[in-house]
Amino acid sequence: MRRLNKKILLIIIVAALCAGGYFAWDYFGNKEEKISYVDFWQCVEAGEVSSVKIEGETLHFTVKSSPVKFKTQNPNSPVLQEELMKRAIEVSIAKDGTEILSLIFDLIFYLFFFGVIFIAFRKFISPNTFKVVHKTGVKFDDVVGMDKLKRDMVQVMEIMKKPAEYAKKGLRMPKGILLEGDPGNGKTLFAKALAGESKINFIPAKATDFESMFMAIGPLKVKLLFKKARRRAPCIVFIDEFDGIGTIRNYSGSAIETENTRIVTALLNELDGFEASNGVLVIAATNSIKALDPALIRPGRFDAKLTVPYPDEDARRQLVEMYTRGKSPAAECSPEALARLFNGYSCAMIESILNNAALRAGQDGRPEFTLADVKAATEEA
């Protein structure tokens with residue numbers, strides 16, 4: 001960004017120096033002898049004038065018998081140019097100094113204006129907006145539960161690793177996978193694990209990444225995301241909070257709805273613009289499929305729609321064991337007991353409750369947290 005600012009400043013300085021140089025040359029290096037218009041016209045009638053340059057309020061002319069240049073006042077006569085040309089005098093029209101100065105200042109202004117716009121666009125559409133994660137560091141072993149989802153993704157991973165081999169069998173990788181589920185159940189973690197297991201690039205994005213104070217920036221960011229994905233293929237593009245940008249289009253005419261419509265249209269164009277064989281898999285996470293635009297989620301764009309459920313009892317037990325590592329639960333807080341207590345709770349909620357229960361015990365100076373601490377933390381959640 002600093003280099004860009006220096007370039008713009010350099011252009012402005014060069015333009016100013018050019019303007020100063022022009023006027024210095026015009027003033028010091030282009031001296032002319034001034035005569036009256038009457039004397040000028042006498043020279044014209046005598047046939048001594050060889051050329052005339054009309055420049056604003058001044059007439060610059062040369063005579064055949066002298067190398068000296070002359071100037072006189074321009075009477076602004078509508079027939080002057082015609083009369084001079086009738087006498088075979090070479091006539092040219094030049095812009096005066098003030099007009100040239102105005103043009104130069106206009107040029108400097110536009111350079112500055114568009115420079116600021118360019119810097120603003122670079123800021124809001126930075127190439128680093130969507131970072132490519134080469135190794136997520138997450139595998140399916142790190143994801144508790146979701147056994148059915150893992151099984152469903154095994155073949156997808158194989159196709160991503162060997163697309164040509166499966167293409168011969170008439171099988172293609174799905175263009176998109178839609179993950180539906182309540183917040184906190186591990187949709188993002190599952191997408192990272194899929195990329196980690198497949199050993200491919202991972203590009204995370206969320207709905208707020210496409211928001212901007214400027215109109216039309218959102219659709220440009222959509223294009224930037226998919227352009228980067230194609231260059232980094234094979235890869236997974238993960239769009240979290242998809243219902244924040246993929247909502248049903250509303251043609252009410254408001255600025256917000258217009259921008260949302262443009263973003264959805266850009267998404268449709270991008271999803272239609274690449275083949276599954278290109279090695280780009282789009283995974284979108286949403287809390288509600290019903291909130292999404294039907295055109296986005298039809299087959300051919302999102303071929304698979306999977307539900308990320310709340311953890312079952314076995315998964316909850318594993319989560320309790322994982323989240324109580326390093327903590328000191330009382331004997332009554334066994335993984336089995338807490339798994340039954342946390343029925344219907346999300347993964348994130350279980351982690352938060354156990355952490356708050358341990359904090360309550362620590363605040364009271366107790367080495368272990370009890371079932372009462374867990375229940376109190378549950379009520380506060």
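Above: the structure in question.
Residues numbered from 1 in each chain as written. Predicted model: local features only at pLDDT ≥ 70, side-chain atom pairs only at ≥ 80, totals over all residues. Heavy atoms only, no water.

Undergrad: Would you take a moment to explain the environment of Lys69 for this structure?
TA: The residue Lys69 is located in strand E4 (residues 66-73) in this model. A relative accessible area of 41% means that Lys69 is categorised as partly exposed. For Lys69 and Glu33, which are 36 residues apart along the polypeptide, the C-alpha to C-alpha distance reads 6.3 Å. (Helix = DSSP H or I, 4+ residues; strand = E, 2+ residues; numbered from the N terminus. Buried < 20%, exposed > 50% of the residue type's maximum accessible area, 1.4 Å probe, protein only.)

Undergrad: For this particular structure, what's the right way to read a nonpolar patch on the surface?
TA: A cluster of nonpolar side chains, contributed by Phe109, Tyr110, Phe113 and Phe114, occupies part of the molecular surface with about 450 Å² of accessible area. Within the element layout of this structure, Tyr110 appears in helix H4 (residues 97-124). (Patch = residues over 30% accessible without salt bridge, like charges linked within 9 Å, V, L, I, M, F, W, Y side chains within 5 Å. Areas by Shrake-Rupley, 256 points an atom, 1.4 Å probe, with all protein chains shown as cover. Salt bridge = Lys/Arg side-chain N within 4 Å of Asp/Glu carboxyl O.)

Undergrad: Looking at this structure, I do not really get the sheet that holds strand E3 (residues 58-63). What am I missing?
TA: Across a sheet, paired strands are connected by hydrogen bonds in the backbone, their directions being either parallel or antiparallel. Read across the sheet, 5 strands follow the order E1-E4-E3-E2-E5 without closing on themselves; strand pairing throughout is mixed. Two strands in the sheet have a free side with no partner beyond their single neighbour: strand E1 (33-34) and strand E5 (90-94). Pairing between E1 and E4: 2 bridges, direction parallel. From the neighbouring strand, Glu33 faces E4, where its bridge partner is Phe70. Running over the sheet, helix H2 (residues 37-45) touches strand E2 (49-55), E3 and E4 and is turned about 140° from E2. (Pairing = 2+ DSSP bridges. Contact = heavy atoms within 4.5 Å. Axes fitted to C-alpha atoms, helices over the stretch in contact; angles between N-to-C directions.)

Undergrad: Help me understand the packing of helix H12 (residues 347-363) against helix H13 (residues 371-380), please; the structure alone is not making it clear to me.
TA: In a packed pair of helices, the relevant descriptors are the angle between the two axes and the axis-to-axis distance. For the pair H12 and H13, interaxial distance at closest approach is 8 Å and the crossing angle is 120°. What the angle tells us is that H12 and H13 run oblique. At the point where H12 passes H13, the crossing takes the right-handed sense. Counting all contacts with H12, which are made through Ile353, Asn356, Ala357, Arg360 and Ala361, the residues of H13 involved are Asp373, Val374, Ala376, Ala377, Thr378 and Glu380. (Parallel < 35°, antiparallel > 145°, perpendicular 65-115°, else oblique. Left-handed = near helix turned anticlockwise from the far one by under 90°.)

Undergrad: Which parts of the structure should I look at to understand the pairing of E3?
TA: Within a regular beta strand, the side chains point alternately toward one face of the sheet and then the other, so they alternate between its two faces. One ladder, built from 6 bridges, connects E2 with E3; its direction is antiparallel. When the sheet's bridge partners are listed, Ser51 is paired in E3 with Thr62. In sequence, E2 turns back onto E3 through a hairpin of 2 residues, with Gly56 there showing a positive phi of about 65°. Counting the residues between successive antiparallel strands, the hairpin from E3 to E4 contains 2 residues.

Undergrad: How should helix H7 (residues 187-198) be read in this particular structure?
TA: For an α-helix, 3.6 residues make a turn, and residues three or four places apart therefore share a direction. Relative to the 16 Å expected for 12 residues at 1.5 Å per residue, H7 spans 17 Å between its end C-alpha atoms, a close match to the ideal helical length. Of all the positions in H7, only Lys187, Phe190, Ala191, Ala193, Leu194, Ala195, Gly196 and Ser198 are classed as buried. For H7, the elements touching its buried residues are helix H5 (147-161), strand E6 (176-180), strand E7 (201-206), strand E8 (235-240) and strand E9 (280-286). (Expected span 1.5 Å × (residues − 1).)

Undergrad: I'm lost on the pattern of salt bridges in this one. Help?
TA: Two side chains with opposite charge may pair up if their charged atoms get near one another. Under the criterion given, the structure shown has 10 salt bridges. Salt-bridge contacts for Lys86 lead to Glu82; the nearest nitrogen and oxygen are separated by 3.6 Å. Of this pair, Lys86 and Glu82 both sit in helix H3 (residues 80-86), separated by 4 residues, roughly a single helical turn. Given the relative accessible area of 58%, Lys86 is considered exposed. We classify Glu82 as partly exposed; its relative accessible area is 44%. The salt bridge partner of Arg230 is Glu270, with a shortest N-O separation of 3.0 Å. Here Arg230 is found in helix H8 (residues 217-231), whereas its partner Glu270 is found in helix H9 (residues 255-272), with 40 residues between them in sequence. Taking relative accessible area as the criterion, Arg230 reaches 33% and is therefore assigned partly exposed. Judged by relative accessible area, Glu270 falls into the buried class, the value being 11%. Each of Glu82, Glu83, Lys86 and Arg87 takes part in a single network of salt bridges with overlapping partners.

Undergrad: Got a minute to help me understand the sheet that holds E7 in this structure?
TA: Judged by pairing direction, the sheet is parallel, and its 5 strands sit side by side in the order E7-E8-E9-E6-E10 without closing on themselves. Of all strands in the sheet, those bounded by a partner on one side alone are E7 and strand E10 (304-307). When strand polarity is set aside, the average angle formed by the axes of neighbouring strands in this sheet is 20°. Bridge analysis of E8 against E9 gives 5 bridges, and the strand direction is parallel. Its bridge partner lying in E9, Ile239 is registered against Ala284.

Undergrad: Can you walk me through unusual backbone geometry in this structure?
TA: A negative phi angle is the norm for most residues apart from glycine, just as the trans form is the norm for most peptide bonds. The amide bond that connects Ala233 to the next residue, Pro234, takes the cis arrangement and shows omega of 0°. Along the polypeptide, Pro234 turns up in the loop between H8 and E8. Unusually for a residue other than glycine, Asn76 sits at a positive phi of about 55°. Considering the arrangement of structural elements, one finds Asn76 in the loop between E4 and H3. What makes Asn76 partly exposed here is its relative accessible area of 47%. Of note, Lys199 is a non-glycine position whose phi angle comes to about 60°, a positive value.

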